[in-house]
Amino acid sequence: MKTGLSLQQRHTLRKIYLFFGYISVGLIVLIWLTPIIWMIVNGFRDPTDPFFNGILPTKFSLVNFQKVLSNKATMRAFGNSMVVSSSSALFTLIVGCLAAYGFSRYRFRLSSAIRVLILIIRLFPGVLLSIALFHVAGKIGVYDTFLPLIILNGLLNLPFSIWIMDTMFESIPIELEEAAWMDGATRMVSVFKIILPLIAPGLAATGAFIFLLTWNEYLFATAFIRSPEKMLITTAIAANIGQYNVDFTGLIATGMLASVPLLIVFIFIQRFIVSGLALGALKG
Amino acid sequence: MSTNHSDMQINNLSKLRRGLLNLRHKINPVIIFIGPAVILVILISIYPTIRVLYLSTLEYSKKTFEYSFVGLQNYIALFKNPIFSKILKQTWDFSLYSTAGHIGLGFILALIMNSGLNRRFVSASRALILLPWAVSPIVIAMIAQIWSHPLISPIGHVLKFFNSSIEFMPLGMPGQAMTALIIINIWQFTPFYLLMILSALQGIDPELYEAAKVDGATGLKQTRYITLPLIRNVLLTLTMFDFVTTAAYFDLIWVTTQGGPVRSTDVLATFIYRAGFLTQDWARAAAASVLLLIFVFIVAAIIQIIMRRGE
């Protein structure tokens with residue numbers, strides 16, 4: 001050892017270091033969450049307590065949420081987002097599950113090339129896809145429908161979900177399936193009866209994650225939808241931001257309803273997502 | 001000779017047959033599993049690229065209402081346009097500073113979190129700090145608009161409290177808007193990169209650090225000689241992914257400033273969107289998209305080369 005510190009001194013130094021470590025991480029997290037906390041607190045701000053008065057509300061009420069929940073257009077936007085996001089999640093889960101199973105259980109020549117091909121779609125700018133597919137969507141009659149949103153979002157989330165599901169499949173020993181085949185089960189039966197139940201929690205988490213990403217998406221939602229009654233929640237909020245006479249408290253309440261429920265789900269699923277994403281990144 | 005030859009033929013035939021059998025046994029299920037994903041990828045990414053390439057060589061006539069082939073005219077027009085070079089510069093800046101912020105800050109935070117703090121504390125903070133990332137950029141844009149409002153911004157309130165005469169409305173100032181957007185972007189997406197880097201750090205064998213300690217390497221030296229080389233490829237992969245994503249970033253910028261004020265936050269993505277969906281100049285939008293794609297692939301290729309060279 002080069003340093004001339006005694007074990008005791010090292011121990012003290014370590015303790016001081018840890019103390020500052022905890023403080024700084026705690027502070028960073030707090031600073032990072034400030035805007036979100038600000039949004040949540042101000043969602044309860046009474047409309048008669050204007051924002052000029054101060055950062056934090058002095059009068060609290062639930063009026064904003066009542067207003068949002070009784071606003072037909074906003075509620076329809078929530079419903080539309082729900083339809084698009086859940087269809088997109090289902091679509092990606094099916095396609096992604098098949099592909100991930102194929103990648104994890106078969107060794108074939110173009111395997112890594114195809115993996116790279118699928119990853120490359122993450123490089124494609126969304127605006128390019130919108131520009132290219134806008135006319136196509138018009139020609140085949142799906143412009144101003146949810147279909148392009150479901151497929152495009154599903155596709156862009158495919159690489160992520162294949163990563164995540166691939167690691168889930170690989171965590172299940174093939175022997176489990178082989179045992180079932182010995183008993184005469186076909187591949188499909190072994191997948192549906194043995195594998196899928198085992199990874200069901202992971203699948204649900206992946207689905208929820210894709211739901212969240214699609215829910216948050218804006219570009220496709222504004223590019224492929226024109227009718228106001230088909231607006232998604234992101235486009236509805238964006239349209240309100242641009243307005244001259246913005247009802248700030250109402251807007252914040254809408255933004256909060258559009259994000260906080262998902263954040264709560266996210267806290268529960270992030271453990272699954274994190275390990276899958278990280279493993280994927282290490283491989284890629 | 002001839003028997004030998006036919007033997008070889010038979011041999012080849014049986015090889016072929018075995019190959020075909022193998023094909024039926026091995027490839028068929030694979031096609032069922034991987035096929036849908038591959039078809040989708042081709043249909044919805046490669047086909048649009050070809051379409052955009054084609055569209056970018058056309059010109060729409062307002063007299064005949066028809067498209068005609070003009071070769072590289074759209075590209076030449078873009079490069080002659082002084083605003084377009086400003087937009088390229090701004091796209092580069094946005095992408096560069098955001099990426100540097102995400103990866104740099106993410107790395108530092110990950111190092112702090114990985115320096116022996118309680119595991120439960122670390123995973124709880126990681127989950128919490130990740131929350132802004134899970135909020136829609138549109139909701140973030142809404143918060144940003146209010147935070148940049150000259151009369152009601154919380155930051156403005158704080159400045160007023162300290163009797164500052166600074167008028168705080170960064171998104172409305174040509175000289176500040178870009179910086180503000182970069183900071184917002186760094187704030188929202190750094191946690192994601194922090195998370196990825198942290199996972200890579202947690203995957204490093206602790207014995208390596210023990211060995212280094214015996215050799216007298218501590219603190220920064222460990223970071224420099226053990227941590228960095230080990231997670232170099234992860235960092236590079238993340239950098240590539242990040243650069244590409246931020247170069248095409250749209251949502252937050254469009255909803256907060258639409259490229260303004262006075263085009264000071266206009267980037268390729270907003271330019272393309274405006275050219276296409278607002279001014280209906282699809283050929284120009286297509287040409288700019290092709291340039292964006294080329295840029296993205298050049299960046300990806302350069303980083304791939306750097307990665308290969310280091311191995």
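Residues numbered from 1 in each chain as written. Chains lettered and ligands numbered in written order. Predicted model: local features only at pLDDT ≥ 70, side-chain atom pairs only at ≥ 80, totals over all residues. Heavy atoms only, no water.

1. Thoughts on the overall build of chain B
To keep it simple, the criterion reads: Runs of H or I in DSSP of at least four residues are treated as helices and runs of E of at least two as strands, each being numbered from the N terminus. C-alpha atoms define the radius of gyration in this analysis, and the globule rule sets the expected value at 2.2 Å times the number of residues to the power 0.38. Only the protein chains shown count as cover for residues, with accessible areas throughout obtained via the Shrake-Rupley method and a probe of 1.4 Å. Neither His nor the chain ends is counted toward charge; the positive residues are Lys and Arg and the negative residues Asp and Glu. Each charge is placed at NZ for Lys, CZ for Arg, CG for Asp and CD for Glu.
If you tally the helices and strands in chain B, you get 12 helices and 2 strands. In chain B, the order of α-helices and β-strands from amino to carboxyl end is α-β-β-α-α-α-α-α-α-α-α-α-α-α. The C-alpha radius of gyration computed for chain B amounts to 27 Å, which surpasses the reference 19 Å derived for 311 residues by more than 25%, pointing to a less compact arrangement than a globule. Each principal axis of the C-alpha atoms in chain B carries an extent, and together these give about 105 × 80 × 35 Å. Taken as a whole, chain B presents about 15,900 Å² of accessible surface, with 66% of it coming from carbon and sulfur. One way to put it: in chain B the 24 positive side-chain charges average out to a point 4 Å from where the 14 negative ones average out.

2. Focus: the domain arrangement of chain A
Residue and element names in this part refer to chain A. Definition in use: These domain limits were set by an automatic method or by a database of domain assignments. Accessible area that two parts lose when put together, with a 1.4 Å probe and added across both, is what the buried area reports. Salt bridge, as applied in this entry: a Lys or Arg side-chain nitrogen positioned within 4 Å of an Asp or Glu carboxyl oxygen. Two N or O atoms form a polar contact when they lie within 3.5 Å of each other; inside protein one atom must be a possible hydrogen donor and the other a possible acceptor, and for residues adjacent in sequence the pair counts only when both atoms belong to side chains. The nonpolar class holds Ala, Val, Leu, Ile, Met, Phe, Trp, Tyr, Cys and Pro. Asp, Glu, Lys and Arg form the charged class, and all remaining residues, Gly among them, are polar.
What the domain assignment lists for chain A is domain 1 (7-43) and domain 2 (63-283). Computed from C-alpha atoms alone, the centre-to-centre distance between domain 1 and domain 2 is 33 Å. Between domain 1 and domain 2, roughly 540 Å² of surface is buried when both sides are summed, and carbon and sulfur atoms account for 78% of that area. The largest share of the area that domain 1 buries against domain 2 comes from Met39, Ile40 and Gly43, three residues that together contribute 74% of it. Here domain 1 and domain 2 share 0 salt bridges between them. Applying the counting criterion to the domain 1 and domain 2 interface returns 1 residue pair in polar contact (both at pLDDT 80 or more). Among the residues making up the side of domain 1 that touches domain 2, the classes are represented as 4 nonpolar, 2 polar and no charged.

3. Overview of helix H7 (residues 158-170) of chain A
All names here are of chain A. Put simply, the rule reads: The length a helix should cover is 1.5 Å for every residue beyond the first. Each residue is placed in one exposure class: buried if its accessible area under a 1.4 Å probe, protein chains only, is under 20% of its type's maximum, exposed if it is over 50%, and partly exposed if it falls in between.
An ideal rise of 1.5 Å per residue puts 18 Å on 13 residues; H7 measures up with 18 Å between its terminal C-alpha atoms. Counting buried positions over the 13 residues of H7 gives 11, a clear majority of the element. Turning to H7, its buried residues number three or more, namely Leu158, Pro159, Phe160, Ser161, Ile162, Ile164, Met165, Asp166, Thr167, Met168 and Phe169.

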